[in-house]
Amino acid sequence: MKVLILNGSPRVNGNTSLAIDEMVKIFAQEGIETEVCQVGNKAVRGCVACGSCAEKGKCVFDDVVNELAPKFEEADGLIAASPVYYASANATLVACLDRLFFSTRFDKTMKVGAAVAVARRGGCSATFDELNKYFTISGMPVASSQYWNILHGREKGEAAQDAEGLQTMRTLARNMSFLMKSIALGREKYGIPEREPWQPTHFIR
């Protein structure tokens, strides 16, 4: 099994990395492979709603998003981890996720998702909610922990002092591992939930 982890921080080895590293250790203990991709320091433009991905099968902007697409398809779980800027996720990560989820047409049902927010003090819950919406619109179960998936720290390395936050990361990784393994067993025995044809409804007549 494999988890794809997107680090939305522009800082390499910063506090968001501390949160990720804590989870990676647990995933290794659980026998789950991880791949961490640093996207917060990449040049990623936002979606322009051109619709080309429906024809091409990939985003018209050939950058890290198209590199992540096959990794996401292969993975059993996806973690989006972000520092908090103005009570929201890093805009680069948001642009990446917008295009990654919209341009990929493979079925994401029952891939497990988890969001992680890292901040000096406030804005974590808003960021946490913002990131979870990508999973809930895609039929992806959301892994939970013992608290909201947040870690606190401002200067590089400060998050190592947040004992409860680090414990939350470890618990999240254990819960996510259990959920992915349980879904794999359920898929073998029961398959995945039936999907009805989409019935788009518009409110402007």
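Residues numbered from 1 in each chain as written. Predicted model: local features only at pLDDT ≥ 70, side-chain atom pairs only at ≥ 80, totals over all residues. Heavy atoms only, no water.

(A) How the structure looks around the packing of aromatic side chains. Taken as a whole and assessed by the stated rule, the structure comprises 5 aromatic pairs. Taken together through their ring pairs, the aromatic side chains of Phe72, Phe101, Phe106, Tyr134 and Phe135 make up a single cluster. Sitting over the ring of Phe102, Arg105 keeps its end group 5.2 Å from the ring centre. The lysine or arginine in question, Lys108, covers the ring of Phe106, its NZ or CZ lying 4.6 Å from the ring centre. (Phe/Tyr/Trp six-rings, centres within 6.5 Å; stacked < 30°, edge-to-face > 60°. Lys NZ or Arg CZ within 6 Å of the ring centre and 35° of its normal.)

(B) Inspection of the packing of helix α4 (residues 91–103) against helix α5 (residues 124–136) at higher detail. One way to put it is that α4 packs onto α5 with a least axis distance of 11 Å and a crossing angle of 10°. Judged on the interaxial angle alone, α5 and α4 are roughly parallel. The segment α4 lies against α5, with Leu93, Val94, Leu97, Asp98 and Phe101 engaging Glu130, Leu131, Tyr134 and Phe135. Among the residues forming the contact of α4 with α5, the class breakdown is 7 nonpolar, no polar and 2 charged. (Axes fitted to C-alpha atoms, helices over the stretch in contact; angles between N-to-C directions. Helix = DSSP H or I, 4+ residues; strand = E, 2+ residues; numbered from the N terminus. Parallel < 35°, antiparallel > 145°, perpendicular 65-115°, else oblique. Contact = heavy atoms within 4.5 Å. Nonpolar A, V, L, I, M, F, W, Y, C, P; charged D, E, K, R; others polar.)

(C) The environment of Pro70, seen in detail. Mapped onto the secondary structure, Pro70 falls in helix α3 (residues 64–74). For Pro70, a relative accessible area of 48% gives the class partly exposed. Considering only alpha carbons, one finds Pro70 and Phe106, 36 residues apart in sequence, at a separation of 9.7 Å. (Buried < 20%, exposed > 50% of the residue type's maximum accessible area, 1.4 Å probe, protein only.)

(D) Representation of unusual backbone geometry. Of note, the phi angle at Asn13 is positive, near 65°, even though the residue is not glycine. Topologically, Asn13 is positioned in the loop between β1 (2–7) and α1 (15–29). Positive phi is not limited to glycine here, since Ala87 has a value of about 60°. Among the secondary structure elements, Ala87 is positioned in the loop between β3 (77–85) and β4 (88–89).

(E) How the structure looks around the pattern of salt bridges. Overall, the coordinates contain 8 salt bridges when judged by the stated rule. Here the salt bridges do not stand alone but share partners, grouping Lys2, Glu35 and Lys71 into one network. (Salt bridge = Lys/Arg side-chain N within 4 Å of Asp/Glu carboxyl O.)

(F) How the structure looks around α3. Among all positions in α3, only Val64, Val65, Asn66, Leu68, Ala69 and Phe72 are buried. For α3, the elements touching its buried residues are β1, β2 (33–38), β3 and α4. Between a side-chain oxygen at the N-terminus of α3 and the backbone nitrogen of Val65 the separation is 3.1 Å; the capping residue is Asp63. (Polar contact = N/O pair within 3.5 Å; in protein donor to acceptor, adjacent residues only side chain to side chain.)

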